[in-house]
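Architecture and fold: a report
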Amino acid sequence: MRELPLPLALTARLLPVAVLASAGWALSSGPFAATEAGEQAPARKDAAASGSDESAPSASAASKTYSQAPAPCSGISEKTVKSLVPDAKTAGKEITSTDKAVRRTCSWNALKGFDYRWLDVSYEIKASDDKARTAYEQRVKEKSGGGTVPGLGDTAYSVVNLTTEDKQQTREGMVIARASNALVVVTYNGSDFETKEAPATDEINKGAIRAAKEAVAALDDAP
């Protein structure tokens, strides 16, 4: 099965902002096609050694705690959706997957006034802890500049970046977490189309981590 790149293809995010054209906004490609400017998230301390992958017994490499992905749109509470994505439909929209047992993603997006927010949560179930660990390490390597998130899953990482196109800023945060043989990836971004500025780093970072904590907890509710 071919794995989709994370975060979701940026071009898929242009559709929700097409409504701006009718309001006189000239967005030829939208803020989500911009080039990363490499903004680093606030520094964090590493998790205690007792919670790191290195301390896990070698026998865990062959284990498979989770057999399938949970319903992704149920992984985030309505309260959190309303807080992070004002005016979004709290039910969310599940993205089509070729195999729902191993990969499921849900997205929420909305434009309230001139403020745009996008949130997506993705679950990936690997064949073993070892494979999940390898996938996690690769994702972190590809998203350098962030820091670890203590107390989230077996190990977790967060990074925030700023992108700019046609003077329009977009700030995006990503949290990658591993819990046994499951990967949880949360992407959260925002733009202000009136000021052309992006939300503060702290707002985006804390929002992504808040969603990730709920999404990881939802793994235990999977059938």
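The sections below set out a description of the structure shown in this document.

Quick notes on the rules
Residues numbered from 1 in each chain as written. Predicted model: local features only at pLDDT ≥ 70, side-chain atom pairs only at ≥ 80, totals over all residues. Heavy atoms only, no water. Salt bridge = Lys/Arg side-chain N within 4 Å of Asp/Glu carboxyl O. Helix = DSSP H or I, 4+ residues; strand = E, 2+ residues; numbered from the N terminus. Buried < 20%, exposed > 50% of the residue type's maximum accessible area, 1.4 Å probe, protein only. Pairing = 2+ DSSP bridges. Core = buried A, V, L, I, M, F, W, Y, C linked by side-chain atoms within 4.5 Å. Contact = heavy atoms within 4.5 Å. Disulfide = S-S within 2.5 Å.

**What to know about the pattern of salt bridges**
Taken as a whole and judged by the stated rule, the model has 8 salt bridges. Residue Arg 133 is joined to Asp 130 by a salt bridge in which the shortest nitrogen-to-oxygen separation is 3.0 Å. Linking Arg 133 with Asp 130, this pair stays in helix α2 (residues 129–142), spanning 3 residues, or about one helical turn. Here the salt bridges do not stand alone but share partners, grouping Arg 103, Glu 124, Lys 126 and Arg 139 into one network.

**Regarding the pairing of strand β8 (residues 182–192)**
For β8, the buried fraction is high: 11 of the 11 residues fall into the buried class. Of the two faces of β8, the one carrying Ala 182, Val 184, Val 186, Tyr 188, Gly 190 and Asp 192 and the one carrying Leu 183, Val 185, Thr 187, Asn 189 and Ser 191 are both buried. Examined bridge by bridge, strand β4 (residues 115–125) and β8 share 11 bridges and lie antiparallel to one another. Across the sheet, residue Leu 119 finds its bridge partner in β8, namely Tyr 188. Across 9 bridges, strand β7 (residues 168–179) lies against β8 in antiparallel orientation. Paired with Gly 173 across the two strands is Tyr 188, which belongs to β8. Here β7 hands over to β8 after 2 residues, with Ser 180 in that stretch at a positive phi of 55°.

**Side note on the nonpolar core**
Generally speaking, a soluble globular protein has its nonpolar side chains buried in company with each other. Counting residues in each nonpolar core, the largest one holds 34 residues, and the members touching the most others are Val 85, Trp 108, Leu 119, Tyr 123, Leu 152, Val 186 and Leu 219. Those elements that place two or more of their residues in this core are α1 (78–84), β3 (103–112), β4, β7, β8 and α3 (201–217). In terms of residues, this core owes the most to one element, α3, which gives 7 residues. In contact with Val 186, other than residues within four places in its own chain, are Leu 119, Asp 120, Val 121, Gly 173, Met 174, Val 175, Ala 208, Ala 211 and Ala 212. In terms of nonpolar packing, the next biggest core, distinct from the first, is built from 9 residues, Ala 135, Val 159, Met 174 and Ile 176 among them.

**Quick notes on the state of the cysteines**
Under the defined criterion, the tally for this structure stands at 1 disulfide. The side chain of Cys 73 participates in a disulfide bridge whose partner is Cys 106; the two sulfur atoms lie 2.0 Å from each other. On the S-S bond that ties Cys 73 to Cys 106, the torsion sits near 100°, and the link is right-handed. On the criterion of sequence distance, the pair formed by Cys 73 in the loop between β1 (35–36) and α1 and Cys 106 in strand β3 is long-range, its members being 33 residues apart.

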